[in-house]
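These are the residues of each chain, in order.
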Amino acid sequence: MPRSKVLPAELDPSARQLIEQLRRLKDHGELTMRQLAAKTGYSARSWERYLGGTTLPPGEAVEALARITGADPVPLFALHEVAAATWGSRRAGPAAPPGPSAPVRERQHQEGQQPERQQEQEQGQEQEQKQELEQEQRRERVREGRGEQGEEREEKQGQPIQPIRPTEPQAAAPASSIEPTPSPAPAPGRFPHIALTAGVVALTVAVLAAVLLMLRLDEDGAPAAVVVSPRTTTASPPPTYTCRITRVDGHWSAGINHGRNTEIFYGATGADVAEAQCLLRRAGISPGGIDGMFGPLTLRAVKAFQQRAGLVDDGMLGPRSWKALRG
């Protein structure tokens, strides 16, 4: 048999275990892809994808393989159920382009739901512009006043100088009467803007902390992969068959299946297979033991008999092959 390909590394443990069990059943029965296709109804390319780990096999295909190999289908169905639940998450497609981060979305949400704060900011900016305009007008007035004073001085220089009269010294003002120069008041509108910025920063930090906490909880609470061990069953002893070759109505019979000509193929078991094994031995071709199991030796004997009888050597006992066996 050809060597199986290596399974993909990204396979889930349950899917990997299911495919390995199917491979063992195929190798134990010495089945080829064409034989699987002929006996299960699924194409050879489909079985190549199923056993190669690129496509999860359907439950009907698993049941068909278990049936033709004589295996217990219950453990295979359990593995298939777990693999089907985790198949899409482990073989996901390319990731979508990242959107805006949580702080940015939160800020956009706040900006969309706070029109009053935006109006306050706009009013504060308008007041600042008005104050700057008033200060500029005051500076212009001061410059104009200085210009008028200079013109008055020039006029006084052209007039005769008057004698200077002595003035009485004025008493110094008490220290308590000196008023301190008031400091300029802060421009309105700036403090609300600073408070709004601080609030946005605090909210962003809180959102980041919540996101990190959620991620940590998701990592701690992630469910572990479930691995189902195959169920151990007690094998019952195989039945025994005895060949009693007789001639009934001009046809050979082994006395096991009461003269039935049921169509059987590789992997079948029971009285029909034992009848065919007895008739093959009577024809001089050894099928191995008379155990009622259509295995590799019986398959080889059936093909040899079909070639000798001039039939299609497909390894399946149909009406023509039974007719040739019974003579």
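Sequence order sets the numbering: in each chain, residues are counted from 1 along the sequence as written. For a predicted model such as this one, the threshold for reporting local features is a pLDDT of at least 70, and the threshold for listing and counting side-chain atom pairs is 80 or more; totals across whole chains, interfaces and linings nevertheless cover every residue. Excluding hydrogens and water, the side-chain values take into account all heavy atoms of the structure.

A.B. asks: How would you summarise unusual backbone geometry if you had to cite specific residues and measurements?
C.D. replies: Positive phi values are uncommon outside glycine, yet Glu30 reaches one of about 55 degrees. Among the structural elements, Glu30 can be located in the loop between helix 1 (13–28) and helix 2 (33–40). Secondary structure elements follow DSSP: runs of H or I no shorter than four residues count as helices, runs of E no shorter than two count as strands, and numbering proceeds from the N terminus.

A.B. asks: Account for the nonpolar core, with residues named and values stated.
C.D. replies: Side chains of nonpolar character tend, in soluble globular proteins, to be buried together. By nonpolar core is meant a set of buried Ala, Val, Leu, Ile, Met, Phe, Trp, Tyr and Cys residues that side-chain atoms within 4.5 Å join together. Throughout, exposure labels follow a simple rule: accessible area from a 1.4 Å probe, protein chains only, divided by the maximum for the residue type, with under 20% read as buried, over 50% as exposed, and the rest as partly exposed. Residues Leu65, Ile264 and Phe294 are the most contacted members of the largest nonpolar core, which totals 39 residues. Listing elements by their share of this core, those giving two or more residues are helix 1, helix 3 (44–52), helix 4 (59–69), helix 5 (73–90), helix 9 (271–282), helix 10 (296–309) and helix 11 (319–326). Residue contacts are defined here by distance: any two heavy atoms, one from each residue, within 4.5 Å place the two residues in contact. Filtering out sequence-adjacent residues up to four positions away, Ile264 remains in contact with Asp272, Val273, Ala276, Phe294, Met316, Leu317 and Trp322. Of all hydrophobic cores here, the second largest spans five residues; its members include Ala254, Ile256, Cys278 and Ile290.

A.B. asks: Describe a nonpolar patch on the surface, with residues and values.
C.D. replies: A cluster of nonpolar side chains, Val211, Leu212 and Leu215, forms an exposed patch at the surface whose accessible area comes to about 260 Å². Tracing the backbone shows Val211 in helix 8 (residues 190–220). For Val211, a relative accessible area of 32% puts it in the partly exposed group. Here the term patch refers to residues with relative accessible area over 30% and no salt bridge, with like charges joined within 9 Å and nonpolar side chains (Val, Leu, Ile, Met, Phe, Trp, Tyr) within 5 Å. All accessible-area figures derive from a Shrake-Rupley calculation using a 1.4 Å probe, and residue coverage is judged against the displayed protein chains alone. Every case where a carboxyl oxygen of Asp or Glu lies within 4 Å of a side-chain nitrogen of Lys or Arg is listed as a salt bridge.

A.B. asks: Just give me the short version of the state of the cysteines, but keep the residues and values in it.
C.D. replies: Any two cysteine sulfur atoms within 2.5 Å of one another count as a disulfide. As enumerated under the stated definition, the model contains one disulfide in all. The disulfide bridge from Cys243 ends at Cys278, spanning 1.8 Å between sulfur atoms. Across the S-S bond of Cys243 and Cys278 the torsion is about -75 degrees, and the bridge reads as left-handed. Of this pair, Cys243 sits in the loop between helix 8 and strand 1 (246–248) while Cys278 sits in helix 9, placing them 35 residues apart in sequence. You can call Cys278 buried: its relative accessible area is 2%.

A.B. asks: Describe the environment of Ala15, and please don't skip the residues or the numbers.
C.D. replies: Here Ala15 is to be found in helix 1. By relative accessible area, Ala15 is classed as buried at 1%. Taking C-alpha positions, Ala15 is 9.4 Å from Glu81, a pair spaced 66 residues apart along the chain. Not counting residues up to four positions away in its chain, the partners in contact with Ala15 are Ala83 and Trp87.

A.B. asks: Break down the packing of helix 2 against helix 3 for me, with residues and values.
C.D. replies: When two helices pack together, their arrangement is given by the angle between their axes and by how far apart the axes lie. Simply put, an axis is a line fit to the C-alpha atoms, just over the touching stretch for a helix, and the angle between two N-to-C directions goes from 0 to 180 degrees. Contact geometry of helix 2 with helix 3 gives a least axis separation of 8 Å together with a crossing angle of 110 degrees. Between helix 2 and helix 3, the crossing angle belongs to the class labelled roughly perpendicular. Across the interface between the two elements, Met33, Leu36, Ala37 and Thr40 of helix 2 pack against Ala44, Trp47, Glu48 and Leu51 of helix 3. Taken together, the residues that form the contact of helix 2 with helix 3 break down as six nonpolar, one polar and one charged. Angular relationships are summarised with four words: roughly parallel below 35 degrees, roughly antiparallel beyond 145, roughly perpendicular across 65 to 115, and oblique for the angles in between. Only Asp, Glu, Lys and Arg are considered charged, only Ala, Val, Leu, Ile, Met, Phe, Trp, Tyr, Cys and Pro nonpolar, and every remaining residue, Gly among them, polar.

Taken by themselves, the reported measurements are silent on function.
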